[in-house]
Amino acid sequence: MSEFLLEAFQGVAQRDFPSRWSSDCMQHAQQDALFRLAALKQGRSRRLRERLNGQRPSRICLSANLGGFDCRVPGLEDLPVEVLEKGWFQASDPDLRRQRIQHLAGALVIVNNNDVGHDQGMAAYGDFYSRCEQAVFVAWDWDNHHWLELSSFLAAHCDVYAPAHQENLYLLSRYNPAIAGPVYCASVQWSRAFLADHLADLLIAERSDAPLGKHIPYAPFGFRNRVVTTLGQHYPSIGFSDRSFHVRTPEGRLAEWAGHKLHWIVPVLNDVPIRIFDALISGGIPVVPESLRLLAPVRDLPREHVVFYGPQDVVDPREVVARGLALFNAGGRDGIAARHRLALEGHHGDQRVRQMADAAADLFGLKV
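Report on the accompanying structure. What you see is a predicted model, and the numbers here were worked out from it, not measured in a lab.

### Comments concerning the overall build of the protein chain
Phase 1 of the analysis: Secondary structure assignment for the protein chain yields 15 helices and ten strands.
Phase 2 of the analysis: Relative to the 2.2 N^0.38 estimate, which gives 21 Å for 368 residues, the radius of gyration of the protein chain is 22 Å and therefore close to what a compact globule would have.
Phase 3 of the analysis: Its C-alpha atoms put the protein chain at 60 × 55 × 35 Å along the principal axes.
Phase 4 of the analysis: Considering the protein chain as a whole, with its 368 residues, one finds that 50% of them fall into the buried category.
Phase 5 of the analysis: As displayed, the protein chain has an accessible area near 17,800 Å², and 54% of this comes from carbon and sulfur atoms.

What follows is the structure, given as structure tokens:
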């Protein structure tokens, strides 16, 4: 076996690539411009701390992409939460921009990378952030594992940088030393109240034995796309979808998730995808790559609520599916309720906002 492993390793092209990549990254991080950026950001942080003077935020403002879960921050339920309309930071009228900057004074503003990284969004947001000197900006970056052009920009243009994944943290710390997290992705497409209203539906839903795994295709990730297409040869419920899912009603989306016992998860890279927690919160069992087994927060999931798969299981998924179905059927309605409660209490957007609010409070002396 050992000689086959050695042969397989030697078959990897460009085996010196990790060394070259690491060397380039370290060399990039030594430049004086990054030191100047860090000094300027420390100056802004000191001014913010003085201006806010230990007060409580006037409210929490979420960018448009974070508006789907009707945020109610644990322990801060009395603090107003406002969802900023799409394009808030891109307003071109100077008077309107000034009004919006004034409107955010004293607020804790949480932006998502998807509300910044489109069209001319980066430049417009960067200008807005630079001029907004009385609000704390937290950037919750869901794509720091692969969209580094945006991630580095976003880290430089926020007061607290909250990456959702464990990758590239040293590099990004050079653009902003105030890194909180990772603040992992969470279920954000349904509000806590909505889920409470539909818990009975989750418990009695007719669920298919075929695993659900509709993923949006991304051309740069050919390996991931091959995994999806290979699994789709066994289960048509695994495959590619378009973005029409996101314009469905919350009821329609929940019904699709609750229509399956198992949910096959194929990450873009080795990230912890949102769909793990959407599967749990809708009562299903996520089928997750072995490479995530020992990584937070997957390592802390009770093993009766998650199934893991490896490369050979992609070629023949029947054994993994059988194990998952056995776990689901053994748990019954109690298992559905337990998984729902596990995700709602520990992996809903509300908890992640609380985590980011605590990080901002620590850095700026805010009362939360």
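### Quick notes on helix 15 (residues 349–364)
Phase 1 of the analysis: Here helix 15 spans 22 Å end to end across 16 residues, near enough to the 22 Å set by a 1.5 Å rise per residue.
Phase 2 of the analysis: Taken as a whole, helix 15 has its buried residues at G349, D350, Q351, R352, V353, R354, M356, A357, A359, A360, A361 and F364.
Phase 3 of the analysis: Positioned one or two residues after helix 15, G365 has a phi angle of 70°, which is positive.

### Remarks on the nonpolar core
Soluble globular proteins tend to pack their nonpolar side chains together in the buried interior.
Phase 1 of the analysis: Among the nonpolar cores identified, the biggest contains 43 residues, and W264, I276, V288 and V298 are the most heavily contacted of them.
Phase 2 of the analysis: Counting only elements with at least two residues in this core, the list comes to helix 8 (192–197), helix 10 (222–232), helix 11 (250–258), strand 8 (262–264), helix 12 (274–281), strand 9 (285–289), strand 10 (307–309) and helix 14 (318–346).
Phase 3 of the analysis: If you tally residues by element for this core, the top one is helix 14, at seven residues.
Phase 4 of the analysis: Core analysis: the second largest hydrophobic core is formed by 31 residues, L52, L62, L66 and A357 among them.

### A word on the sheet that holds strand 2 (residues 81–83)
Phase 1 of the analysis: Across the sheet, which stays open at both edges, the five strands sit in the order 2-1-3-4-5 with parallel pairing between neighbours. Strands at the two margins of the open sheet, each flanked by one partner only, are strand 2 and strand 5 (160–163). The sheet shows a mean angle of 20° between the axes of neighbouring strands, taken without regard to direction.
Phase 2 of the analysis: Where strand 1 (residues 60–62) meets strand 2, three bridges bridge the pair, whose relative direction is parallel. Residue I60 lies in a different strand from strand 2, and its bridge partner there is V81.

Definitions and limits used
- Residues numbered from 1 in each chain as written.
- Predicted model: local features only at pLDDT ≥ 70, side-chain atom pairs only at ≥ 80, totals over all residues.
- Heavy atoms only, no water.
- Helix = DSSP H or I, 4+ residues; strand = E, 2+ residues; numbered from the N terminus.
- Rg over C-alpha atoms; globule rule 2.2 N^0.38 Å.
- Buried < 20%, exposed > 50% of the residue type's maximum accessible area, 1.4 Å probe, protein only.
- Areas by Shrake-Rupley, 256 points an atom, 1.4 Å probe, with all protein chains shown as cover.
- Expected span 1.5 Å × (residues − 1).
- Core = buried A, V, L, I, M, F, W, Y, C linked by side-chain atoms within 4.5 Å.
- Pairing = 2+ DSSP bridges.
- Axes fitted to C-alpha atoms, helices over the stretch in contact; angles between N-to-C directions.

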